[in-house]
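Next come the chains, spelled out residue by residue.
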Amino acid sequence: GPLPAPAELTDGNSEHLKREHSLMKPYQGAGSAAMPLWDFQGSTMVTSQYVRLTPDERSREGSIWNRVPCFLKDWELHVHFKIHGAGKKNLHGDGLALWYTQERLVPGPVFGSKDNFHGLAIFLDTYPNDEATERVFPYISAMVNNGSLTYDHSKDGRWTELAGCTADLRNQNHDTFLAIRYSRGRLTVMTDVEDKNEWKNCIDIAGVQLPTGYFFGASAGTGDLSDNHDIISMKLFQLMVEHPLEDESVDWTKIEPSVSLLKSPKDNVDDPTGNFRSGPLTGWKVFLLLLCALLGIIVCAVVGAVVFQKRQERNKRFY
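Bear in mind the structure is a predicted one, so any value in this text is a computation, not a measurement.

Cut-offs and rules
- Residues numbered from 1 in each chain as written.
- Predicted model: local features only at pLDDT ≥ 70, side-chain atom pairs only at ≥ 80, totals over all residues.
- Heavy atoms only, no water.
- Pairing = 2+ DSSP bridges.
- Helix = DSSP H or I, 4+ residues; strand = E, 2+ residues; numbered from the N terminus.
- Axes fitted to C-alpha atoms, helices over the stretch in contact; angles between N-to-C directions.
- Core = buried A, V, L, I, M, F, W, Y, C linked by side-chain atoms within 4.5 Å.
- Buried < 20%, exposed > 50% of the residue type's maximum accessible area, 1.4 Å probe, protein only.
- Disulfide = S-S within 2.5 Å.
- Salt bridge = Lys/Arg side-chain N within 4 Å of Asp/Glu carboxyl O.
- Contact = heavy atoms within 4.5 Å.
- Phe/Tyr/Trp six-rings, centres within 6.5 Å; stacked < 30°, edge-to-face > 60°.

(A) Inspection of the sheet that holds strand E4 (residues 61–66) at higher detail. Reading across from one edge, E1-E4-E14-E6-E7-E8-E9 is the order of the seven strands in this open sheet, with antiparallel pairing throughout. Where the open sheet ends on each side, the last strands, each with one partner, are strand E1 (38–42) and strand E9 (163–166). Averaged over all pairs of adjacent strands, the angle between their axes in this sheet comes to 15 degrees, without regard to strand direction. Strand direction decides the pairing type here: strand E6 (residues 95–101) and strand E7 (residues 118–125), joined by seven bridges, are antiparallel. By the bridge assignment, Trp99 is partnered in E7 with Ala121.

(B) Highlighting the nonpolar core. If you look at the biggest cluster of nonpolar residues, it comprises 48 residues, and the most contacted ones within it are Trp75, Phe81, Leu124, Ile140, Ile180 and Ile231. Tallying contributions element by element places strand E5 (residues 75–84) first for this core, with five residues. Listed in part, the 11 residues of the second largest apolar core include Phe117, Ala121, Phe123 and Met143.

(C) Expanded view of the state of the cysteines. For the structure shown, the criterion picks out one disulfide. With a sulfur-sulfur separation of 2.0 Å, Cys165 is cross-linked through a disulfide to Cys202. With the S-S bond torsion at -105 degrees, the cross-link from Cys165 to Cys202 turns out left-handed. Highlighted residues: Cys165 in strand E9 and Cys202 in strand E12 (residues 200–205), separated in sequence by 37 residues. Comparing Cys165 with Cys202 shows no difference in burial state: the two are buried.

(D) Spotlight on the pattern of salt bridges. Tallied over the full model, the rule gives 14 salt bridges. Where Asp224 meets Arg58, a salt bridge forms, and the shortest distance between an N and an O atom there is 3.3 Å. Of this pair, Asp224 sits in the loop between strand E14 (215–221) and strand E15 (228–238) while Arg58 sits in the loop between strand E3 (51–54) and E4, and the two are 166 residues apart along the sequence. As far as the burial class goes, Asp224 and Arg58 line up, both exposed. It is possible to trace a salt-bridge network through shared partners that takes in Asp39, Arg67 and Arg104.

(E) Spatial organisation of the sheet that holds E3. With antiparallel pairing, the seven strands of this open sheet are ordered in space as E2-E3-E15-E5-E10-E11-E12. Edge positions in the sheet fall to strand E2 (45–46) and E12, since each of these pairs with one other strand and no more. Sheet topology places strand E10 (residues 176–183) next to strand E11 (residues 186–192); seven bridges connect them, and they run antiparallel. Among the inter-strand pairings, Ala179 is bridged to a residue of E11, identified as Met190.

(F) Quick look at the environment of Thr191. One can find Thr191 in strand E11. Judged by relative accessible area, Thr191 falls into the buried class, the value being 5%. Sequence-wise, Thr191 and Asn201 are 10 residues apart; in three dimensions their C-alpha atoms are separated by 6.7 Å. Apart from the residues lying within four places of it in its own chain, the contact partners of Thr191 are Ile140, Phe177, Leu178, Glu198, Trp199, Lys200 and Cys202.

(G) View of the packing of aromatic side chains. Applying the stated criterion across every chain, the model contains 12 aromatic pairs. On the basis of an interplanar angle of 50 degrees and a centroid distance of 5.4 Å, the ring pair of Trp75 and Tyr100 is categorised as tilted. In this pair, Trp75 is assigned in strand E5 and Tyr100 in strand E6, connecting sequence segments 25 residues apart. Look at Phe111 and Phe123: their rings are 5.3 Å apart centre to centre, the planes differ by 25 degrees, and that puts the pair in the stacked class. Of the two residues, Phe111 sits in the loop between E6 and E7 while Phe123 sits in strand E7, which places them 12 residues apart along the sequence. In this structure, Phe111 and Phe123 share a single accessibility class: buried. An aromatic cluster is present here, built from Trp65, Trp99, Phe111, Phe117, Phe123 and Tyr151 joined pairwise through their rings.

(H) The pairing of E6, seen in detail. Within E6, seven of the seven residues are buried, leaving the element largely enclosed by the surrounding structure. Side-chain alternation along E6 places Gly95, Ala97, Trp99 and Thr101 on one buried face and Leu96, Leu98 and Tyr100 on a second face that is also buried. Pairing of E6 with E14 involves seven bridges; the strand directions are antiparallel. Pairing of Tyr100 across the sheet is with Phe216, part of E14.

Structure, rendered in structure tokens:
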């Protein structure tokens, strides 16, 4: 069916800003290991202008995590970030991840944070590890995990990806933003990376179940290739949304992260529009289809020839 209309995002006013979940200048405790509401680890460095998760150096990992669990049912996170470095085309990596998860401050292989996590991850992947990919990088994708799924770097997380889009967000001379909205089971991700001061739809998925009581965070990692991965601000807004009466009896802290999909993400393939569709008849599928059609024609021709010959022999016996 058709996609729903893009969700309207907040205008960023301070009316519903939740400061206990927001990271903004001036960063309190900048340059020290003690920020009242945020913990950081690894290569993360806090300056007066940005929080640098990794420098433009090889094999670095860093993260920053909110200390306060979020108990909002409906929220919207605006992230002002900058990914930049000296690497030229396809010579930079690896990317940035934004998290709403049960675990916090656990380093790991997924853009500097833990694999098999519980919750939501939004990946800003800047390097294509899968050489056979048709998608254009940098690429933004979403993943929901109940702890059972593993992020496959060699396939750029394709098997566990819910949806995604291409976004030219690296080495820009203007501000770049990303917004994540979660409301009534609907996850929306939008970008503002083209210096147009307007949100562009990237991901829109219904049927997403996320519990309350998880933590917001950001992490980044570099490997043989590198970049500066900077967070300038993370602002969380409470959304004033009415819920049905039956929701009042639900213990939202006990919900298991899940997504109600009509089909497995493994059935998904790349689509230039940034959305998913069923697999197209391309490459080897076209070859197999043509081969089957050719074999079918040959079989029909042989059967037809045999039938024709039998009829000819039968007709000769009547003379």
